[in-house]
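Single-letter residue listing:
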Amino acid sequence: GGGFAAGVAAATKLSGSKARVMAVEPVGAQSMRISFDSGEQSWCPGGKVDTICHGLAPPFAGKATFNHCRKFVDEVVLVTDEEVKAAVRLLFEHGHVVEASGAAAVAAVLAGKCGDLAGKKVVCT
């Protein structure tokens, strides 16, 4: 797990951008966050995941992707399934049909987990 975040973060940072890169994971599948906290590639407890964000639910952070994320991602933030559901609903109300994993970054922004974004350009991928 973590390949998309690793690739986006590496491309962003290696392009010379000073952007802050935040990865988003569901609380029920936080293998990259656990890896960041422990300083080594890790698995979710018991190798189990429990989230509606199936596309963000590998039971472990890949070794190569963890190393890339550790080098290029500034922070890993967690979102709950309820926060993701709220983001899916809001996006739908604005004409966008997304699955839960695709709404995780928006959920993090809406829940205020990305700090003060006033006046800043924000990209949610």
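A. Layout of the overall build of the protein chain. Within the protein chain one finds five helices and two strands. Mapped from its N terminus to its C terminus, the protein chain presents α and β elements in the order α-β-α-α-β-α-α. Its C-alpha atoms give the protein chain a radius of gyration of 14 Å, within 12% of the compact-globule value 14 Å for 125 residues. Each of the three principal axes of the protein chain carries a C-alpha extent, and together these read 40 × 40 × 20 Å. For the protein chain, the proportion of its 125 residues judged to be buried stands at 33%.

B. The arrangement of the packing of helix H2 (residues 31-38) against helix H3 (residues 63-72) in detail. In the contact formed by H2 and H3, the axes pass within 11 Å of each other and the chain directions differ by 65°. The angle between the axes of H2 and H3 places the two elements in the roughly perpendicular class. Viewed along their axes, H2 and H3 form a crossing whose handedness is right-handed. From H2, Met32, Ser35 and Phe36 reach across to H3, where they touch Thr65, Phe66, Cys69 and Arg70.

Rules used in this analysis
Residues numbered from 1 in each chain as written. Predicted model: local features only at pLDDT ≥ 70, side-chain atom pairs only at ≥ 80, totals over all residues. Heavy atoms only, no water. Helix = DSSP H or I, 4+ residues; strand = E, 2+ residues; numbered from the N terminus. Rg over C-alpha atoms; globule rule 2.2 N^0.38 Å. Buried < 20%, exposed > 50% of the residue type's maximum accessible area, 1.4 Å probe, protein only. Axes fitted to C-alpha atoms, helices over the stretch in contact; angles between N-to-C directions. Parallel < 35°, antiparallel > 145°, perpendicular 65-115°, else oblique. Left-handed = near helix turned anticlockwise from the far one by under 90°. Contact = heavy atoms within 4.5 Å.

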